Amino acid sequence: MATVGPNLCGVFGRRAGSAPGYPYSADVRALGITWDAETLNRWIAGPRAMAPGTHMTFIGLENPKDRTDLVAYLKVTSTAVPN
Ligand code: HEM
């Protein structure tokens, strides 16, 4: 799984860089934030602006409406029972 990304199930309310067993970059581990609607929106706007050394290659979504939709989707799906 390390080649894709951390499991986002339960990401709301989780400390950045804390999914058990996932080999995060030092920059994501050092973020020192908890994921919520505001921080996830900022992350998706441009991961590298928040963590320059991130391993997440996705460059982000420019359109604010797209980000709102995505964060809403994550909120609904990430509160499902973790697998
Ligand atoms: C729009 C869809 C995406 C969302 C909402 C998203 C969200 C996130 C979030 C919130 C984190 C931090 C998780 C944590 O702290 O536990 C993360 C990390 C990561 N994501 Fe994504 N991601 C997306 C797309 C992608 C894609 C397409 C890839 C790869 C092809 C990817 C690869 C990664 C990697 C490798 C990390 C770890 C980053 C690091 O340790 O520096 N993500 N993603």
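Summarised in this report is the structure supplied together with it. (Residues numbered from 1 in each chain as written. Predicted model: local features only at pLDDT ≥ 70, side-chain atom pairs only at ≥ 80, totals over all residues. Heavy atoms only, no water.)

**Observations regarding the site of the ligand**
Item 1. Within the structure, the ligand sits among 22 residues, and Gly17, Tyr24, Ser25, Trp35 and Met56 are positioned closest to it.
Item 2. Tyr24 places a side-chain nitrogen or oxygen 2.6 Å from an oxygen atom of the ligand.
Item 3. With respect to the detected pockets, the ligand is housed in the largest pocket.
Item 4. Of all the secondary-structure elements, those providing two or more residues to the shell around the ligand are helix 2 (37-45) and helix 4 (64-78).
Item 5. Considering every element that reaches the shell around the ligand, the biggest residue donor is helix 2, with 3 residues.
Item 6. In terms of residue class, the shell around the ligand is built from 15 nonpolar, 6 polar and 1 charged. (Near = heavy atom within 4 Å. Polar contact = N/O pair within 3.5 Å; in protein donor to acceptor, adjacent residues only side chain to side chain. 1 Å grid on protein atoms, 1.4 Å probe; cavity = no way out; pocket = protein on both sides within 12 Å on 5 of 7 lines; lining within 4 Å. Sits in = over half its atoms within 2 Å of the grid points. Helix = DSSP H or I, 4+ residues; strand = E, 2+ residues; numbered from the N terminus. Nonpolar A, V, L, I, M, F, W, Y, C, P; charged D, E, K, R; others polar.)

**Topic: helix 2**
Item 1. Buried within helix 2 we find Thr39, Leu40, Trp43 and Ile44. On an axial view of helix 2, the arc spanned by its buried residues comes to 130°, and they lie on one face.
Item 2. Residues of helix 2 that are buried in the fold lie against helix 1 (26-29), helix 3 (47-50) and helix 4.
Item 3. Its side-chain oxygen at 3.1 Å from the backbone nitrogen of Glu38, Asp36 defines the N-terminal cap of helix 2. (Buried < 20%, exposed > 50% of the residue type's maximum accessible area, 1.4 Å probe, protein only. Arc of directions from axis to C-beta. Contact = heavy atoms within 4.5 Å.)

**Some remarks on helix 4**
Item 1. Its 15 residues place the ends of helix 4 20 Å apart at the C-alpha level, agreeing with the 21 Å of an ideal helix rising 1.5 Å per residue.
Item 2. Among all positions in helix 4, only Arg67, Val71, Leu74 and Ser78 are buried. Buried residues in helix 4, looked at end-on, bunch into an arc of 60°, giving them a common side. Exposed residues on helix 4 whose side chains face more than 90 degrees from its buried face are Lys65, Tyr73 and Val76. (Expected span 1.5 Å × (residues − 1).)

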